[in-house]
Amino acid sequence: MLLGISRNNRYLIGIAALTVVAIVLVAAAYAWTESERLDIQVDGRQASDLWAESAQLTAAIDTQQGAVDDYLLNSDPSLVTRFDAAVADEATVIAEMRSGAAELPGLERALATLEGATAAWRSSFARPAIAAVQTGATAVLPSFVRALSPQDDIVRAALAQLSVELNAAEDNLRTREDALATTRTAATVFGLATLVISA
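*Asks:* What should I look at first to understand the overall build of the protein in this one?
*Replies:* A tally of helices and strands in the protein yields four helices and zero strands. For the protein, the α and β elements follow one another from N to C terminus as α-α-α-α. Looking at the protein as a whole, 31% of its 199 residues qualify as buried. Taking contacts inside the protein between residues at least 6 apart in sequence as the whole, the part at least 24 apart equals 77%. Total accessible area computed for the protein in this model is approximately 11400 Å², and 63% of it derives from carbon and sulfur atoms.

*Asks:* Got a minute to help me understand the side chain of Gln65 in this structure?
*Replies:* Inspection of the secondary structure assignment puts Gln65 in helix α1 (residues 7-74). For Gln65, a relative accessible area of 9% translates into the label buried. What Gln65 contacts, discounting residues up to four positions off in sequence, is Trp121, Asp152, Val155 and Arg156.

*Asks:* It is not clear to me how the packing of aromatic side chains should be interpreted in this structure. Could you clarify?
*Replies:* What characterises a pair of aromatic rings is the spacing of the ring centres plus the angle enclosed by the ring planes. For the coordinates displayed, the defined rule picks out two aromatic pairs. Summarising the aromatic geometry, the rings of Phe83 and Trp121 are spaced 6.4 Å apart at their centres and angled 50 degrees between planes, so their arrangement reads as tilted. Taken together, the residues span a long stretch of sequence, with Phe83 in helix α2 (residues 77-100) and Trp121 in helix α3 (residues 105-135) at a distance of 38 residues. Accessibility classification places Phe83 together with Trp121 in one group, the buried group. Chaining the aromatic ring pairs together yields one cluster made of Phe83, Trp121 and Phe125.

*Asks:* For this particular structure, what's the right way to read α3?
*Replies:* Because each turn of an α-helix spans 3.6 residues, side chains separated by three or four positions end up pointing in the same direction. Taking 1.5 Å per residue, 31 residues should reach 45 Å; α3 reaches 43 Å between its end C-alpha atoms and fits that length. Along α3, the largest kink reaches about 45 degrees and is centred on Arg122.

Reading guide: rules and limits
- Residues numbered from 1 in each chain as written.
- Predicted model: local features only at pLDDT ≥ 70, side-chain atom pairs only at ≥ 80, totals over all residues.
- Heavy atoms only, no water.
- Helix = DSSP H or I, 4+ residues; strand = E, 2+ residues; numbered from the N terminus.
- Buried < 20%, exposed > 50% of the residue type's maximum accessible area, 1.4 Å probe, protein only.
- Contact = heavy atoms within 4.5 Å.
- Areas by Shrake-Rupley, 256 points an atom, 1.4 Å probe, with all protein chains shown as cover.
- Phe/Tyr/Trp six-rings, centres within 6.5 Å; stacked < 30°, edge-to-face > 60°.
- Expected span 1.5 Å × (residues − 1).
- Bend = angle between axes of the 7 residues up to and from the residue.

Structure (structure tokens):
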């Protein structure tokens, strides 16, 4: 009971209790910031990997489009092989990116949109155009060429949206880093203030 304790001792007990509470709170804050710092490092490496994979994905799509364009000009069979390899590369990279986008629904949607856009481009233009050259039905090529522009624009728009989502993920990382720094600073100031009061 505090009734038999002098006012000075009650003051000291109160300061000691305040100090203990402050230490617990500061320790909890630092424990959270350390955990968050490690999470941010992991997510930062993941974001870096996603950007690298995005560049690979763009290269695979560019290779497909370039191979088809060149094949229409010179009918070199090796270009069809290059096209097919790039299609396989695209599928591989998208699968890799999906594994790293589990907590990024915007990026997952962008990947799905891009996958649909490239599939539509291949089915409506690339593969029919290749088949027309292979079978000698070149008279139908102008209709494919007329269909190319809107399909190509859709693919490019999907690639641009993918970059937007990757930038958004990086912005979120920076926001978390700022919040982490603010929390560390606040915990430090609170701890120092408590020490001054209890001194």
